[in-house]
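Commentary on secondary and tertiary structure
As a plain string of letters, each chain reads:
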Amino acid sequence: SKNGKALVSRQFVEMTRARIEGLVSAFPQLAEKAKHHTYVETETVRFVYQPLDGDRRSDDDDLYLLLLTNKASNIVEDIISIRLLAKVIK
């Protein structure tokens, strides 16, 4: 969510819960800076995201589909992956 709370998480590489929670909690501030893109990068991580449409109670309740990858991954494939995931969810 926009508050940095994960509703569901799935990892395909070993990562501690604290690391995941730290990355997810950092997402809202990073996304604020990248209003015209669907991805944002730090020194080591790329956040590829897509807002999920639906009933919204307030701006703080906005939900995002978030894909975390390393910067060496192919961004085009990452964007395609998140779009496919969004179709499955909808």
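Below or above, wherever it landed, is the structure these notes cover. (Residues numbered from 1 in each chain as written. Predicted model: local features only at pLDDT ≥ 70, side-chain atom pairs only at ≥ 80, totals over all residues. Heavy atoms only, no water.)

As a further point, take the nonpolar core. Among soluble globular proteins, nonpolar side chains are generally buried collectively. Within the largest apolar cluster, 8 residues are counted, these being L23, F27, L30, A31, V40, V45, F47 and Y49. For this core, the secondary structure elements donating two or more residues are α1 (17-33) and β2 (45-52). With 4 residues, α1 is the largest single contributor of residues to this core. (Core = buried A, V, L, I, M, F, W, Y, C linked by side-chain atoms within 4.5 Å. Buried < 20%, exposed > 50% of the residue type's maximum accessible area, 1.4 Å probe, protein only. Helix = DSSP H or I, 4+ residues; strand = E, 2+ residues; numbered from the N terminus.)

With that out of the way, let us pick up the packing of aromatic side chains. This structure, assessed with the given rule, holds 4 aromatic pairs. When the ring of Y49 is compared with that of Y64, the centres are 5.9 Å apart and the planes differ by 75°; the resulting orientation is edge-to-face. A residue pair is termed long-range when its members are at least 10 positions apart, and Y49 in strand β2 and Y64 in strand β3 (residues 63-70) qualify at 15 residues. Of the residues examined, Y49 reaches a relative accessible area of 6% and is grouped as buried. Among the residues examined, Y64 registers a relative accessible area of 22% and is labelled partly exposed. Taken together through their ring pairs, the aromatic side chains of F27, F47, Y49 and Y64 make up a single cluster. (Phe/Tyr/Trp six-rings, centres within 6.5 Å; stacked < 30°, edge-to-face > 60°.)

Let's shift gears to the sheet that holds β2. What the 3 strands build is an open sheet, ordered β1-β2-β3; its pairing is antiparallel. Only two strands of the sheet have a single neighbouring strand rather than two, namely β1 (39-41) and β3. Geometrically, the sheet is characterised by an average inter-axis angle of 20° between neighbouring strands, direction not taken into account. In this structure, β1 lies alongside β2, joined through 3 bridges in antiparallel fashion. (Pairing = 2+ DSSP bridges. Axes fitted to C-alpha atoms, helices over the stretch in contact; angles between N-to-C directions.)

Moving on, we come to a nonpolar patch on the surface. The grouping of V76, I80 and L84 at the surface amounts to a nonpolar patch, some 280 Å² of accessible area in total. You can call V76 exposed: its relative accessible area is 52%. (Patch = residues over 30% accessible without salt bridge, like charges linked within 9 Å, V, L, I, M, F, W, Y side chains within 5 Å. Areas by Shrake-Rupley, 256 points an atom, 1.4 Å probe, with all protein chains shown as cover. Salt bridge = Lys/Arg side-chain N within 4 Å of Asp/Glu carboxyl O.)

As far as function goes, none of this settles anything; it's purely spatial.
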